Amino acid sequence: MKILFYGTKNYDEQFFQKLLPSFPGIQIKFIEANIHEETAPLAKGYDAICAFVNSDLGTNVIEELHKCGIKLILMRCAGYNNVDLDTAHKYGMHILRVPGYSPEAVAEHAMALVLTSNRHTHKAYIKCRENNFALSGLMGVNLYQKTAGIIGTGKIGQAMARICRGFGMDVLAYDRYPNKSLDFVKYVSLDELLASSDLISLHCPLTEETKHIINEESIAKMKDGVMLVNTSRGALIKTEALINGIREHKFFSVGLDVYEEETDFVYEDMSERILPSSTIQRLLSFPNVTMTSHQGFFTEEALTNIAETTLENATAYMNGEELKNEVLA
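In this report, we go over the structure that sits alongside the text.

1. Here we look at the overall build of the protein
1) Next: A tally of regular secondary structure across the protein gives 11 helices and 12 strands.
2) Next: By the compact-globule yardstick of 20 Å for 329 residues, the protein fits well, its C-alpha radius of gyration being 21 Å.
3) Next: The principal-axis extents of the C-alpha atoms in the protein amount to approximately 60 × 50 × 35 Å.
4) Next: For the protein, with 329 residues in total, the buried portion stands at 53%.

Here is the structure:
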């Protein structure tokens, strides 16, 4: 099986090449260009393509991949909201993903954002480098005995709930499918979670139902001085509503690893270029906002799991075995 990997970085190649000898019959070509309508024809002559969370797999791209004879799309990530599933399935394509590469990696990063934005450690580091040891602007709040609200209790949300419990927090959760094994978590309605939580952490997938789940109405229901963290998908938050909420002093702190505008430049060095929109700069201009570059997954363990599961998915398809990680709808 010949697989074309789109949008790869040196770390992608490093972890896949390390495991490739254990998966005979699979050949990989890595290219730096991401997939879009103009680069999709590069897949001609390959049996499958592999894409990431920032790839464009909309209708036009799927049409081009179909012309190239592609029948398998490997997503080296958990999310697939960027894939036109209807068109792919119409052409008999199989979409395989990595459902749980390292829940703890993302949850730990979410708590890192909580701690950084709360205690201003990013600012304290810069101040100390400049021999400024004053404490002005660095005051935070205790997490102990506060209430954490977890929206979405899949594997990552569960891991975040356990971390919050370890900090001595009471944990509320909202999910359409409550997890009974989380016996220390109290499941409540979304409105109750918004009104009662000192910290709200987003861990639900992006669907039509959850898009902009954080909006003007939901922000108005939150406590004043709430902390908000998003390590899931940028479009869970309506950015303009968030900016207005920050300006109205609704939030004590905000930590974002994902944001609505990230698709075109995530994982790219844009330091010498002018961004087409000012939304990111507007968010960064606020002293209580901390942002990172969609790096929640970025640990050695997670990258190893991503490579291993992706190659296992390809092998299962190649050998006609059960496709345990197929996206069916």
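Don't stop here, the text continues.
2. Quick word on the side chain of Ser 201
1) Next: Examined against the element boundaries, Ser 201 turns out to sit in strand β9 (residues 199-202).
2) Next: The class of Ser 201 is buried, set by a relative accessible area of 0%.
3) Next: Beyond its immediate sequence surroundings of up to four residues, Ser 201 is in contact with Ala 110, Gly 149, Ile 150, Ile 151, Met 160 and Val 229.

3. Some thoughts on empty space enclosed by the protein
1) Next: If you walk through the whole model with that rule in mind, you get two cavities of 30 Å³ or more.
2) Next: Lining the largest cavity, in full, are Asn 230, Gly 234, Ile 237, Thr 239, Leu 242, Leu 256, Val 258, Tyr 259, Glu 260 and Leu 283.
3) Next: Estimates place the volume of the second largest cavity at around 40 Å³.
4) Next: If you list the elements that add at least two residues to the lining of the second largest cavity, you get α1 (10-19) and α11 (300-318).

4. Examining the sheet that holds strand β1 (residues 2-5)
1) Next: One open sheet holds the five strands; their spatial order is β2-β1-β3-β4-β5, and the pairing between them is parallel. Every other strand in the sheet has two partners, leaving β2 (27-30) and β5 (94-96) as the edge strands with one partner each. Across the sheet, the mean angle separating the axes of adjacent strands is 20° when strand polarity is ignored.
2) Next: As paired elements, β1 and strand β3 (residues 48-51) share three bridges and run parallel to each other. Bridging from a neighbouring strand, Phe 5 pairs with Cys 50 of β3.

5. Concerning helix α4 (residues 103-119)
1) Next: The terminal C-alpha atoms of α4, which comprises 17 residues, lie 24 Å apart, in line with the 24 Å expected from a rise of 1.5 Å per residue.
2) Next: Counting buried residues in α4 gives 12 out of 17 residues, a clear majority hidden from the surface.
3) Next: Residues of α4 that are buried: Pro 103, Ala 105, Val 106, Ala 107, His 109, Ala 110, Met 111, Leu 113, Val 114, Thr 116, Ser 117 and Asn 118.
4) Next: One or two positions beyond α4, positive phi appears at His 120, with a value near 60°.

6. Observations concerning the nonpolar core
1) Next: The biggest cluster of nonpolar side chains holds 60 residues, and the ones touching the most others in it are Ile 3, Ile 49, Leu 57, Leu 65 and Ile 73.
2) Next: Broken down by element, this core gets its largest block of residues, seven residues, from α11.
3) Next: Val 188, Ile 213, Ala 241 and Val 289 belong to the second-largest nonpolar core, a separate cluster that totals 33 residues.

7. Section: the pattern of salt bridges
1) Next: Counted according to the given criterion, the structure contains 10 salt bridges.
2) Next: The shortest N-O distance in the salt bridge between Glu 64 and Lys 67 comes to 3.6 Å. Of this pair, Glu 64 and Lys 67 are both found in helix α2 (residues 59-67), three residues apart, which corresponds to roughly one turn of the helix.
3) Next: Its relative accessible area of 59% is what places Lys 67 among the exposed residues.
4) Next: For Asp 198, the salt bridge identified is with Lys 223, shortest N-O distance 2.9 Å. Residue Asp 198 is found in the loop between α7 (190-196) and β9, and its partner Lys 223 is found in the loop between α8 (216-221) and β10 (226-230); the two are separated by 25 residues along the sequence.
5) Next: Here Lys 223 falls in the partly exposed class, since its relative accessible area comes to 31%.

8. Here's the deal with the state of the cysteines
1) Next: All chains considered together, the criterion is met by zero disulfides.
2) Next: Not engaged in a disulfide, the cysteine Cys 164 finds its nearest cysteine sulfur in Cys 204; these two sulfurs lie 15 Å apart.

9. Describing the packing of α4 against helix α6 (residues 155-166)
1) Next: Two elements in contact, α4 and α6, have axes whose closest approach is 8 Å; the angle formed by their N-to-C orientations is 50°. Relative to α6, the element α4 is oriented oblique. Where α4 crosses over α6, the two elements pack in a sense that is right-handed. Contacts from Pro 103, Glu 104, Val 106, Ala 107, Glu 108, Ala 110, Met 111 and Val 114 in α4 reach Lys 155, Ile 156, Ala 159, Met 160, Arg 162, Ile 163 and Cys 164 in α6.
2) Next: Among the residues forming the contact of α4 with α6, the class breakdown is 11 nonpolar, no polar and four charged.

Here is what the cut-offs are and how they apply
Residues numbered from 1 in each chain as written. Predicted model: local features only at pLDDT ≥ 70, side-chain atom pairs only at ≥ 80, totals over all residues. Heavy atoms only, no water. Helix = DSSP H or I, 4+ residues; strand = E, 2+ residues; numbered from the N terminus. Rg over C-alpha atoms; globule rule 2.2 N^0.38 Å. Buried < 20%, exposed > 50% of the residue type's maximum accessible area, 1.4 Å probe, protein only. Contact = heavy atoms within 4.5 Å. 1 Å grid on protein atoms, 1.4 Å probe; cavity = no way out; pocket = protein on both sides within 12 Å on 5 of 7 lines; lining within 4 Å. Points joined across faces, edges and corners; volume = space filled by probe spheres on them. Pairing = 2+ DSSP bridges. Axes fitted to C-alpha atoms, helices over the stretch in contact; angles between N-to-C directions. Expected span 1.5 Å × (residues − 1). Core = buried A, V, L, I, M, F, W, Y, C linked by side-chain atoms within 4.5 Å. Salt bridge = Lys/Arg side-chain N within 4 Å of Asp/Glu carboxyl O. Disulfide = S-S within 2.5 Å. Parallel < 35°, antiparallel > 145°, perpendicular 65-115°, else oblique. Left-handed = near helix turned anticlockwise from the far one by under 90°. Nonpolar A, V, L, I, M, F, W, Y, C, P; charged D, E, K, R; others polar.

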